[in-house]
Amino acid sequence: MPHIITRIARAAAEDVAELARFGSATIHEAQGRLGAVSSRIKPIDRAMSVCGPAFTVQSAPRDNIMLQLAINYAQKGDVIVVSAGEYEEAGSFGDVLGNACLAKGIAGVVTDTGVRDTLELIKLGLPVFSLSVCIKGTVKETLGQINGDIVFGGQLVRPGDVIRGDADGLVVVRREDAAAVAAKSAAREEAEAGYITAYKSGRSVIDVSNLEAVLKAKGLTTDL
């Protein structure tokens, strides 16, 4: 049955800000290789970056009435996440609604359907991630749900979970895990910085990654 829930539990603002420091791939690895959204969903411009609590929308394909309602009810800093059946042949979001989002301070829009007016959206600076770019119009007919659990890009997304997106893609972090995942991401970045320093000092990849024993166990000698 269609429903609209406007009060949701969001990840703490300080945890969202901390997660925003790290790339989507780092976060995915740091939390045990979990949360990666389908690689088919990408930003309309590689420079786009977004991080914020999910404001979830369940929408019918080729219909954006629920997306418009979500824009109406979402709070500043929210990322609107639209599950619309992974339907590529529809442009459910464009520059007009993009301006509506900016006026409300919405952090970004991610959708598993199509968007259009991409040059205008890029100029606006609103982060938009989509399954496709399509000029075909939509209707405003079928009611759905706002702020229920949805499946988006193969991941369960709950209202208030953190969505982090950049040039590489999107990752979902459970709202209750945000602080811990941010700490793990920081530790991973520190470790990777150490690897890079070691490479620059002349150490080999095999040495830095401790691959000698692994390779020997597989019957491969590393002697030159």
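Cut-off values and rules
Each chain has its residues counted from 1, following the order in which its sequence is written. Under the rules for a predicted model, residues below a pLDDT of 70 receive no local features and side-chain atom pairs below 80 are neither given nor counted, while totals for whole chains, interfaces and linings still include all residues. As a rule here, side-chain values come from all non-hydrogen atoms in the structure, and water together with hydrogens is ignored. To define a nonpolar core, start from buried Ala, Val, Leu, Ile, Met, Phe, Trp, Tyr and Cys residues and group those joined through side-chain atoms within 4.5 Å. Per-residue accessibility, obtained with a 1.4 Å probe over protein chains only, is compared with the maximum for each type, and a residue is labelled buried under 20%, exposed over 50%, and partly exposed between these values. Where helices and strands are cited, they refer to DSSP runs of H or I of at least four residues and of E of at least two residues respectively, numbered from the N terminus. Contacts are assigned to residue pairs with any non-hydrogen atoms lying within 4.5 Å of each other. Cavities and pockets are defined on a 1 Å grid built over the protein atoms alone: a cavity is a set of grid points where a 1.4 Å probe fits but cannot escape, while a pocket is an open set with protein on both sides within 12 Å along at least five of seven lines, and lining residues are those with an atom within 4 Å of any such point. Grid points are joined across faces, edges and corners, and a volume is the space filled by probe spheres set on the points. Any residue that is not Ala, Val, Leu, Ile, Met, Phe, Trp, Tyr, Cys, Pro, Asp, Glu, Lys or Arg is counted as polar, Gly included; the first ten are nonpolar and the last four charged. UniProt positions are given in the numbering used here, feature names are shortened, and annotations may be inferred rather than shown by experiment.

Draft legend 1. Main features of the nonpolar core. With 23 residues, the main nonpolar core has F55, L67, I71, I80, F93, C101 and V128 as its most contacted residues. At the level of secondary structure, the elements contributing two or more residues to this core comprise β3 (50-58), α3 (65-73), β4 (79-83) and α4 (95-104). For this core, the leading source of residues is α3, giving 4 residues. Setting aside anything within four residues of it in sequence, one finds F55 in contact with I8, R10, A70, Y73, A74, D78, V79, I80, V81, I146 and N147. Counting residues in each nonpolar core, the second largest holds 15 residues, with L131, V157, I163 and L170 among its members.

Draft legend 2. Representation of the layout of surface pockets in the model. Quantified by volume, the largest pocket comes out at close to 180 Å³. Lining of the largest pocket is provided by 14 residues; of these, N64, S92, G94, L97 and R116 occupy positions nearest its centre. The class makeup of the residues in the lining of the largest pocket is 3 nonpolar, 7 polar and 4 charged.

Draft legend 3. Structural view of the UniProt feature "binding site: substrate" (unreviewed entry) in the protein chain. UniProt records the feature "binding site: substrate" (unreviewed entry) for G94, D95, V96, L97 and R116 in the present numbering. Maximum C-alpha separation among the annotated residues is 10.7 Å over a sequence range of 23 residues, consistent with a single clustered spot. When the annotated set is filtered for residues lining the largest pocket, what remains is G94, D95, V96, L97 and R116. The class for D95 is partly exposed, based on a relative accessible area of 22%. Of the residues examined, R116 reaches a relative accessible area of 31% and is grouped as partly exposed. Leaving out residues up to four positions away in the same chain, R116 has contacts with G91, F93, G94, D95, L121, C134, I135, K136 and G137.

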